[in-house]
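# Examination of the molecular architecture
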Amino acid sequence: MVETAGGGPGDGAAEVLDRPLPDGVRRRVVQIVSDGFGGLTLGELPAQLRQYARFAPNRRAKFAGNAMAAALETDPLFRQRIGEKLREAQPELCGALDSGSPPPAADPLDVAAAAYVLRPAGWVKLVTAAGEEALRADAERADEESRAELERLRTELDRSREQTRTETERLRTELETARKEAEALHRKLRAALSDVKRGEAALRKAQAEMEAVRSEGQAQVSAAESETRRLKARLAETEAALEAGRKAAREGRSVEDMRVRLLLDTVLDAAQGLRRELALPPVSVRPAETVDAVEPGRMSPKDIAARALSEHDPAILDQLLALPQAHLVVDGYNVTKTGYPQMPLEKQRLRLLGQLSQLAAQTGAEVTCVFDGAELAAPVLLAPPRGVRVLFSKPGVTADELIRQLVRAEPPGRPVIVASTDREVADGVARVGARPVASAVLLKRLS
């Protein structure tokens, strides 16, 4: 149906399409607009299409198809500009449409899309005819596909029937084979039952023989027990004789003892002569002087009790670090958060490392300070202080595990002291031979 609205006869602009644009024609129209889109300036584009100006043609057709179709329908000036780009791209087709005789060999969808854009006289008929042609082509294609599918299903049905026939023959053959095998198994079963009966008879005979052997064995055990009792009696007699021999030997040792005493007197006389010859001075230290006690004018027993080296006495740390080749391993954040937790982590590290450097210089011990790498928000640019090794644990490894690795790496027998209040760390290093010391003790020593 063609309606006229304000145009003269033969004026295609006055024609109006009274049905939706066929899908095939719509896709071709969108493609024409997308192809001509890139040749327009930003000012020549409708406002709603300017956001797609930088899109590639394929993306433009995909994402702006509806907007371009709506602008083409409602904006005559935009449609005229797209028509000019179409005339430049396809002059022959556009010329044929202007003359009213589209090329017979042209695709009806292309002809209808060009007519929809250019709006020559009779463009509605071309669009309607293209839609009907597309529907007819789709119906023919669907009919052809249905015929092909039906033929394929018939072929598959025939093949299935043939396979069913073949499978039935095979199953019959297998059934016959199974029947024959069952008969053979029945025969073997009867033979096996006969063998079982013979085996049961042989078993009963073997049981009788075993009972006879058991009776004979019991008799032999009784004889062996009698022999054992006789041997025990002889052993008692032999032990009595041995004791008598030992007594006689002890009585004969008096002569040997006298010889040994004579030899000892000779050695003592020789030692005294050697002492006189070397003019050795008398012993200056007496056993009583080796006993630790309070002397007059020195500390009282209360002072000594107060100075007893308890687990919390920093003097214990000095004694441990005075051992040869001592190695002090410090759980860094455990110590700093025990002593000065209110400070930022960076200042905690700097304060502890400065104090440890002084301790290393005073004691000469090897000092290693371990910090937990998980506490770091960024890489640490730190110059280790003199005499202190600074280590940070790797990702996924805690400082506690790194401390245990350090202790396990030391050779057995080397004194290793670990400063940490963490009970798990203390128990772990103690099991592998290190000496745990509380963080508070190290802080007292450092202060």
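Up top is the structure these notes are about.
Rules behind the numbers
- Think of each chain on its own: its residues are numbered from 1, step by step along the sequence as written.
- Only residues with pLDDT of 70 or above have their local features reported here, since the model is predicted, and side-chain atom pairs are shown and tallied only from 80 upward, although totals for entire chains, interfaces and linings are computed over all residues.
- By convention in this description, side-chain values take in all heavy atoms of the structure and omit both hydrogens and water.
- Geometry of aromatic contacts follows a simple scheme: Phe, Tyr and Trp rings, the Trp one being its six-membered ring, pair when their centres are within 6.5 Å, and the pair is stacked under 30 degrees between planes, edge-to-face over 60, tilted otherwise.
- A ring has a charge above it when a Lys NZ or an Arg CZ is no more than 6 Å from the ring centre and no more than 35 degrees off the ring normal.
- Throughout this description, the term nonpolar core refers to a set of buried Ala, Val, Leu, Ile, Met, Phe, Trp, Tyr and Cys residues connected via side-chain atoms within 4.5 Å.
- Residue burial is assigned from relative accessible area. The probe radius is 1.4 Å, only protein chains are included, and a residue is buried under 20% of its type maximum, exposed over 50%, and partly exposed in between.
- What counts as a helix is a DSSP run of H or I of at least four residues, what counts as a strand is a run of E of at least two, and both are numbered from the N terminus.
- Between any two strands, at least two bridges found by DSSP are needed for them to pair.
- Only the stretch in contact is used when a helix axis is fitted, and all axes are lines through C-alpha atoms; the angle between N-to-C directions ranges over 0 to 180 degrees.
- Any carboxyl oxygen of Asp or Glu that lies within 4 Å of a side-chain nitrogen of Lys or Arg is treated as forming a salt bridge with it.
- Under the rule applied, a polar contact is a pair of N or O atoms within 3.5 Å (in protein, one hydrogen donor and one hydrogen acceptor; residues adjacent in sequence only if both atoms are side-chain atoms).
- Contact between two residues is taken to exist if any of their heavy atoms lie within 4.5 Å; hydrogens are not considered.

Evaluated as defined, the whole model comprises two aromatic pairs. Feature note: the residues Tyr333, Phe371 and Phe392 constitute an aromatic cluster, connected by ring pairs. One cation-aromatic arrangement involves Lys337 over Tyr333; the distance from NZ or CZ to the ring centre is 5.5 Å.

Counting residues in each nonpolar core, the largest one holds 34 residues, and the members touching the most others are Val25, Val29, Leu72, Phe78 and Ile82. Mapped by element, the contributors of at least two residues to this core are α1 (23-37), α3 (65-74), α4 (76-89), α5 (91-99), α6 (108-118) and α7 (123-251). Among the elements that line this core, the one with the most residues is α6, at nine residues. Counting residues in hydrophobic clusters, the runner-up holds 28 residues, among them Leu317, Leu328, Phe371 and Leu442.

Strand order across the open sheet formed by five strands is β5-β4-β3-β6-β7, with parallel pairing between neighbours. Strands with a single pairing partner mark the edges of an open sheet, and in this sheet they are β5 (388-392) and β7 (435-437). Each strand axis lies, on average, 20 degrees off the axis of its neighbour in the sheet, ignoring direction. Taken together, the five bridges between strand β4 (residues 366-371) and β5 define a ladder with parallel strand orientation. Residue Thr368 lies in a different strand from β5, and its bridge partner there is Arg389.

Moving on: the pattern of salt bridges. Two side chains that carry opposite charge are able to pair once their charged atoms sit near each other. For the structure on display, the rule yields 18 salt bridges. The partner of Arg198 in a salt bridge is Asp195, and the shortest N-O contact between them spans 2.0 Å. Here Asp195 and Arg198 lie together in helix α7, a separation of three residues that amounts to about one turn. Accessibility expressed as a relative area gives 53% for Arg198, which makes it exposed. On the basis of relative accessibility, which here comes to 41%, the residue Asp195 falls in the partly exposed class. Between Glu227 and Arg230 there is a salt bridge, with its nearest N and O atoms 2.0 Å apart. Taken together, the positions of Glu227 and Arg230, both in helix α7 and three residues apart, correspond to about one turn of that helix.

We now examine α6. In terms of burial, α6 is a largely internal element, nine of the 11 residues being buried. Among the residues of α6, Leu109, Val111, Ala112, Ala113, Ala114, Ala115, Tyr116, Val117 and Leu118 are the ones counted as buried. Among the residues trailing α6, Arg119 stands out with phi positive, at a value near 55 degrees.

Of all the five residues making up strand β3 (residues 327-331), five are buried; the element is thus mostly covered by neighbouring parts of the structure. What you see with β3 is no split at all: His327, Val329 and Asp331 on one side and Leu328 and Val330 on the other are buried throughout. As paired elements, β3 and β4 share five bridges and run parallel to each other. For Val329, the partnering residue across the bridge sits in β4 and is Thr368. Here β3 runs beside strand β6 (residues 416-419); their pairing, made up of four bridges, is parallel. Residue pairing across strands places Val329 opposite Val418, the latter belonging to β6.

Considering the arrangement of structural elements, one finds His327 in strand β3. Of note is the side chain of His327, whose polar atom sits 2.9 Å from the side chain of Thr368. Among all residues touching His327, those that are not within four sequence positions of it are Glu366, Val367, Thr368, Arg389, Glu410, Arg414, Pro415, Val416 and Ile417.

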